[in-house]
Amino acid sequence: MTQTVPPRRAQCPDPPTVAENITHLTPYRPGKPIEEVERELGLTDIVKLASNENNLGPSPKAIEAMQRAAAQMHLYPEATAPRLREALARHLGVDEKMLVFGNGSDDIIHLLGVTFLEPGDEVIQAEPSFVRYKAAAILNNAPCHSLPLDSGWTHDLEAMAERINAHTRLIFLCNPNNPTGTIVSRAALERFLDRVPERAIVVLDEAYFEYAQGPDFPDGSRYVQEGRNVVVLRTFSKIYGLAGLRIGYGIMRPEIAAWLERTREPFNVSGMAQAAALAALADTEHVERTLAMNAAGKQAFYAGFEALGLPYTPTHANFVWVDVRRDCKAVFEALLRQGVITRTGDIFGAPTHLRVTIGRPEENARFLTALRAALD
Ligand SMILES: *Cc1c(COP(=O)(O)O)cnc(C)c1O
């Protein structure tokens, strides 16, 4: 099959330049790493509540699996992750052909953009929400429409549905939403999906799926099973405690998965990550322990914020969006000086908010004590 190539410029500019859209990309600003704070402030015993990691650590079974895998690291991984694929398909009750693995679910977001966006196609997202959706749009010359969350910090699905037009190709819904912890309910989501035309793909980012279980929370994989143009994103970075390894996945119709299989890098998930994820998936006890820790920590945070008179948004994930009612950067710095790393809301357009990950009980207590001192 011959490939048709778009018209090209007379010659490559000298010296090398980049396409205009690339100049609009900004490097991702991650949560401050523990080592960096130790170096900069000369502190030890840092508490990191900035990136929604599982502070219980990886499952002990995953650690054992990684140790076993270490001796095989001279070999390329199996490119299709067959053992993990089989176990995960069984765990989720979906067909193996519906799964695409990525170097974190970030990788799947990137691949969806590269695969499905042509210049001028449009993207719809909420704001504030996870920042990588917009990056995928910019990278592929796709205008991105960001619709503000409603007054309860929840997706305004009515406004998002009204924004759909003939050019809409990708619609990102983060459920639960990062950074606010809110969810769209099953009923609201189904009303929305019924308004989405066949040409658009709805990406349901369920990075916090395991934390969000409840009668109102929709399991996006059901809509994939119904044959809808829905892609569900999940990850081993959050409840499974493997953020450092980089492994996430998408659940989608086999026809959509087949396209991503062509655009992804052949070895985008390491053998170590495949082995660890397989073990972590089977360790339901570690997941249960994490859920119990999170439920208790959530109540401790709520009580602490109420005692300080700080409004917060009830969460369906492992972090809380709290209004500190003053410049969040000053509070962030005051917390940092006490060895507690959080995330400021200003990067999400909310200058008096912090996003705080729920950690281990002693970490939560350290944070609340430091917060009280920071507000004095
Ligand atoms: C953490 C997070 C991700 C990225 O997870 P990785 O699998 O580590 O790439 C994606 N979406 C949301 C909403 C997240 O919070």
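Residues numbered from 1 in each chain as written. Predicted model: local features only at pLDDT ≥ 70, side-chain atom pairs only at ≥ 80, totals over all residues. Heavy atoms only, no water.

(A) Summary view of the pairing of strand 6 (residues 201-205). Of all five residues making up strand 6, five are buried, and the element is well covered by its neighbours. Two strands pair when backbone bridges link them, and strand 5 (residues 168-174) and strand 6 are joined in this way by five bridges, in the parallel orientation. The residue bridging Leu 173 from the neighbouring strand is Leu 204, located in strand 6. You can see the chain leave strand 5, run along helix 8 (residues 186-193) and come back into strand 6, and the turn it takes is right-handed. (Buried < 20%, exposed > 50% of the residue type's maximum accessible area, 1.4 Å probe, protein only. Helix = DSSP H or I, 4+ residues; strand = E, 2+ residues; numbered from the N terminus. Pairing = 2+ DSSP bridges. Right-handed = clockwise from strand over helix to strand, strands pointing away.)

(B) The arrangement of helix 14 (residues 361-375) in detail. Its 15 residues give helix 14 an end-to-end C-alpha distance of 21 Å, which sits within 8% of 21 Å, the value for a rise of 1.5 Å per residue. For helix 14, the set of buried residues is Glu 363, Asn 364, Phe 367, Leu 368, Ala 370, Leu 371, Ala 374 and Leu 375. One side of helix 14 holds all its buried residues, which, seen down the axis, span an arc of 170 degrees. Looking at the buried residues of helix 14, the elements they touch are strand 1 (47-48), helix 12 (284-307), helix 13 (328-337), strand 11 (340-341) and strand 13 (353-357). (Expected span 1.5 Å × (residues − 1). Arc of directions from axis to C-beta. Contact = heavy atoms within 4.5 Å.)

(C) Structural view of the site of the ligand. The ligand sits among 13 residues. The nearest are Asp 205, Tyr 208, Thr 235, Ser 237 and Lys 238. One nitrogen or oxygen atom from the side chain of Ser 237 is found 2.6 Å from an oxygen atom belonging to the ligand. When atoms are counted within 2 Å of each cavity's grid points, the one that captures over half of the ligand is the largest pocket. Here the residues of the shell around the ligand are counted per class, giving four nonpolar, five polar and four charged. (Near = heavy atom within 4 Å. Polar contact = N/O pair within 3.5 Å; in protein donor to acceptor, adjacent residues only side chain to side chain. 1 Å grid on protein atoms, 1.4 Å probe; cavity = no way out; pocket = protein on both sides within 12 Å on 5 of 7 lines; lining within 4 Å. Sits in = over half its atoms within 2 Å of the grid points. Nonpolar A, V, L, I, M, F, W, Y, C, P; charged D, E, K, R; others polar.)

(D) Structural view of the nonpolar core. Phe 192 and Phe 236 are the most contacted members of the largest nonpolar core, which has 56 residues in total. Composition of this core by domain shows at least three residues from each of domain 1 (29-56 + 285-375) and domain 2 (60-282). Phe 192 has contacts with Leu 157, Met 160, Ala 161, Ile 171, Leu 173 and Val 202, leaving out every residue within four places of it along the chain. Residues Val 47, Val 320, Phe 332 and Leu 335 belong to the second largest nonpolar core, which totals 29 residues. (Core = buried A, V, L, I, M, F, W, Y, C linked by side-chain atoms within 4.5 Å. Domains from an automatic or database assignment.)

(E) Fine view of the sheet that holds strand 4 (residues 144-148). Strands sit in the order 2-8-7-6-5-3-4 across an open sheet of seven strands; the sheet is mixed. Where the open sheet ends on each side, the last strands, each with one partner, are strand 2 (99-102) and strand 4. The sheet shows a mean angle of 20 degrees between the axes of neighbouring strands, taken without regard to direction. In this structure, strand 3 (residues 122-127) lies alongside strand 5, joined through three bridges in parallel fashion. Considered in strand 5, the bridge of Ile 124 is made with Ile 171. (Axes fitted to C-alpha atoms, helices over the stretch in contact; angles between N-to-C directions.)

(F) A look at the domain arrangement of the protein. Segmentation of the protein into domains returns domain 1 (29-56 + 285-375) and domain 2 (60-282). Spacing between the C-alpha centres of domain 1 and domain 2 amounts to 25 Å. Domain 1 puts 21 residues into the contact, and the matching count from domain 2 is 23 residues. Interface of domain 1 and domain 2: buried area, both sides summed, is about 1,800 Å²; carbon and sulfur atoms make up 65% of it. Contact with domain 2 buries surface across domain 1, with His 316, Trp 321 and Phe 348 losing the most and accounting together for 30% of the total. Counting across the interface, domain 1 meets domain 2 through zero salt bridges. Between domain 1 and domain 2 we count four residue pairs in polar contact (both at pLDDT 80 or more) in total. (Buried area = accessible area lost by both parts, 1.4 Å probe. Salt bridge = Lys/Arg side-chain N within 4 Å of Asp/Glu carboxyl O.)

(G) Fine view of the state of the cysteines. Scanning the model with the defined rule gives zero disulfides in all. No disulfide involves Cys 174; its sulfur sits 13 Å from the nearest other cysteine sulfur, which is in Cys 144. Residue Cys 328 stays outside any disulfide, its sulfur separated by 19 Å from that of Cys 174, the closest cysteine. (Disulfide = S-S within 2.5 Å.)

(H) Molecular detail of unusual backbone geometry. In this structure, Pro 128 follows Glu 127 across a cis peptide bond, with omega equal to 0 degrees. Tracing the sequence through the fold places Pro 128 in the loop between strand 3 and helix 6 (132-139). The omega torsion across Asn 178 and Pro 179 is 20 degrees, close enough to zero to call that bond cis. Looking at the secondary structure, you find Pro 179 in the loop between strand 5 and helix 8. A positive phi angle, near 55 degrees, is found at Arg 325, a position not held by glycine. Along the polypeptide, Arg 325 turns up in the loop between strand 10 (319-323) and helix 13. Overall, the relative accessible area of 56% leaves Arg 325 in the exposed class.

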